[in-house]
Amino acid sequence: MSKVYMQILEQLLKAITNDYYNLKRLLAKDKIKIVKWEKVSEYFSDLTVTTPGEDQVMRYGTLIKR
């Protein structure tokens, strides 16, 4: 049973890795970098991004269904 799940997880990990590198290349073309990802609280994170003109801090929240 675990062999089936391991194969699925490996395929997902490979797809996620490819997406990550492709998106990173697209951002690099526009000279955009993710500098820091910092957890603020249990539900929020701050993402610091540099662009050619300025640095920006964006706050992201996590949706949790209970």
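Structure first, text after, so check above.
Keep in mind the model is a prediction, meaning the values are calculated, not measured.

Reading the values: the criteria
Residues numbered from 1 in each chain as written. Predicted model: local features only at pLDDT ≥ 70, side-chain atom pairs only at ≥ 80, totals over all residues. Heavy atoms only, no water. Phe/Tyr/Trp six-rings, centres within 6.5 Å; stacked < 30°, edge-to-face > 60°. Helix = DSSP H or I, 4+ residues; strand = E, 2+ residues; numbered from the N terminus. Buried < 20%, exposed > 50% of the residue type's maximum accessible area, 1.4 Å probe, protein only. Contact = heavy atoms within 4.5 Å.

### Examining the packing of aromatic side chains
Move 1: Per the counting criterion, the structure on display carries two aromatic pairs.
Move 2: Measuring from ring centre to ring centre gives 5.1 Å for Tyr20 and Tyr21, while their planes differ by 70°; the resulting arrangement is edge-to-face.
Move 3: Between Trp37 and Tyr60 the ring centres are 6.4 Å apart and the planes differ by 20°, which places this aromatic pair in the stacked class. With Trp37 in strand E1 (residues 33-39) and Tyr60 in strand E3 (residues 55-61), the pair connects residues that are 23 residues apart, well separated along the chain.
Move 4: Assessed through its relative accessible area of 38%, Tyr60 is described here as partly exposed.

### Structural notes on the environment of Ser45
Move 1: Mapped onto the fold, Ser45 is located in strand E2 (residues 44-50).
Move 2: Among the residues examined, Ser45 registers a relative accessible area of 17% and is labelled buried.
Move 3: Along the chain, Ser45 and Thr17 lie 28 residues apart, while their C-alpha atoms are 22 Å from each other.
Move 4: Setting aside residues up to four positions removed in sequence, Ser45 forms contacts with Trp37, Glu38, Lys39, Val40, Met58, Arg59 and Tyr60.

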